[in-house]
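Remarks on the overall topology
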Amino acid sequence: MKTATTDYRQDLRLLRTRGQRLNALAVVIVAIAVPFALSSGFDPPLDFPWTAWFPAINLALIATIGAAALNLLLGYTHQVSVAHAAFLMLGTMLGAWMGQLHGVNFVVVMIASLIVGGLVGVIVGLPALRFKGLYLLIATFGVHFFFLLAYKKFIVGYFGFNAIIFTAPEVPAWLHWLPFITPDDNGVFAIAGNFRWYWVLLPMATLSILFLSNVVRSREGRAFMAIAEKDVSASLIGINVTRTKLTAFALSSAFASLTGALGAYYIGARGEDSFPFELVLFYAIMIIVGGISSFQGAVFGAFFYYLAPVLFDWIRAEVPGIRSVQFLQDYANETNLAIFGVLIVVVLVARPTGLVGVWKSLKGYVSSWPYSS
């Protein structure tokens, strides 16, 4: 049952009901417990890939930011752009140039990736003022290959024919007094390993989602949804269509660039083939399966995209009857993509709202039990 709002400030609150606050508290408790559980050394039965979940969760946290950025553009403003991987490359190049070549602090690099990504996003968004639909898609398609050429030239020019190697960022010495930071034997606290990275990625993903959620709940967010329906109608009610489109591109590009820089530091190496065009499709899979026009869907989709293959691989290797099918063993990656393809079709036909819709239906059923039929 929804609670009626009586003023604008109350409507802007993310957690308006007691149930929402309890759900948020449960999520916080689980999020805090997860890294300790995964690093406890627990050995589950049937060789269940317990330790494999940790890097998958960290990658999902990074992808959550990128999926939310794409969802802002495609889901909320209906601007068809395939330049998402271009800004992942931009963030990677910024991280390499500032952090690895000039020794700039990790935090400064992350802030710079947001700012530069937003500024470049405004430029990339200029075609959206004249083009729509497939025409805009083709225009941003060209942007991808322009950045791909620049990315390869950057690697060859600064790193030769080797991959870009990112060193683990270090926490500044003036923060070593914090109780949860214990410097290593060399007096440095490097953000290395899944456990330490988790505590960096979790707040960054959370803050990014909260920021974008607040944006779409504001006046600017309502303008996004207005131009998604019809540019002319939006302009007739006083919305500055030019500014709104460029703002959407700037915000989406900024957080996509942040995703590229953050992912490069976490993975530790980026090569010429790290950003194929298919990467845009993978992010599209995340927001479609998770739930388009929903940042909660971006979270669900990113986690499903990275955690499901771990589960699929375990089923192929351990479940009797399936592990004996040689075709599934020989074409593991292709099978995973085929499963994702089937899921997209199922979601579009049976549950267009994605995993978010499934989650809301489940919550509705549980809240009405035992009276639900």
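Within each chain, residues carry numbers counting from 1 in the order of the written sequence. In keeping with the predicted nature of the model, local features appear solely for residues at pLDDT of at least 70, side-chain atom pairs appear and are counted solely at 80 or more, and the whole-chain, interface and lining totals rest on all residues. No hydrogens and no water enter the side-chain calculation; it runs on all heavy atoms of the structure.

**Some points on the layout of surface pockets**
Once rolled over the atoms, a probe with the size of a water molecule shows which space is left empty. To keep things clear, this is the line we draw: Only protein atoms enter the 1 Å grid, on which a cavity is a set of points fitting a 1.4 Å probe that cannot get out and a pocket is an open set with protein on both sides within 12 Å along at least 5 of 7 lines, lining residues being those with an atom within 4 Å of a point. Grid points are joined across faces, edges and corners, and a volume is the space filled by probe spheres set on the points. To qualify as a helix, a DSSP run of H or I must reach at least 4 residues; to qualify as a strand, a run of E must reach at least 2; elements of each kind are numbered from the N terminus. Here the nonpolar group is Ala, Val, Leu, Ile, Met, Phe, Trp, Tyr, Cys and Pro; Asp, Glu, Lys and Arg are the charged ones; every other residue, Gly included, is treated as polar.
Computed from the structure, the second largest pocket encloses a volume of approximately 690 Å³. Lining the second largest pocket are 22 residues; nearest its centre among them are Val171, Phe180, Ile191, Trp199 and Val200. Elements supplying a minimum of two residues to the lining of the second largest pocket: α5 (106-124) and α7 (194-216). The element that contributes the greatest number of residues to the lining of the second largest pocket is α7, accounting for six residues. Here the lining of the second largest pocket is composed, by residue class, of 19 nonpolar, one polar and two charged.

**Looking at helix α14 (residues 332-350)**
Note the threshold: Working rule for helices: expected span equals 1.5 Å times residues minus one. Note on exposure labels: buried denotes an accessible area under 20% of the residue type's maximum, exposed denotes more than 50%, and partly exposed covers the range between, all computed with a 1.4 Å probe on protein chains only.
With 19 residues, α14 extends 26 Å from end C-alpha to end C-alpha; this agrees with the ideal 27 Å at 1.5 Å per step. Buried residues of α14: Thr335, Asn336, Phe340, Ile344 and Val347, and no others.

**A look at the pattern of salt bridges**
Our working definition: Salt bridge, as used here, is a side-chain nitrogen of Lys or Arg placed within 4 Å of a carboxyl oxygen of Asp or Glu.
In total, this model carries two salt bridges according to the counting rule given. Ionic pairing is found between Arg243 and Glu220, a salt bridge with its closest N-O pair at 3.8 Å. Of this pair, Arg243 sits in helix α10 (residues 241-267) while Glu220 sits in helix α8 (residues 219-229), and the two are 23 residues apart along the sequence. You can call Glu220 buried: its relative accessible area is 19%.

**Details of the packing of aromatic side chains**
We count it as follows: Two rings from Phe, Tyr or Trp (for Trp, the six-membered ring) form a pair when their centres are within 6.5 Å of each other. A pair whose planes differ by under 30 degrees is stacked, one over 60 is edge-to-face, and the rest are tilted.
If you walk through the whole model with that rule in mind, you get 22 aromatic pairs. When the ring of Phe106 is compared with that of Tyr265, the centres are 5.0 Å apart and the planes differ by 80 degrees; the resulting orientation is edge-to-face. Placement of Phe106 in helix α5 and of Tyr265 in helix α10 is noted, with a sequence separation of 159 residues between them. Summarising the aromatic geometry, the rings of Phe211 and Phe255 are spaced 5.7 Å apart at their centres and angled 35 degrees between planes, so their arrangement reads as tilted. Of this pair, Phe211 sits in helix α7 while Phe255 sits in helix α10, and the two are 44 residues apart along the sequence.

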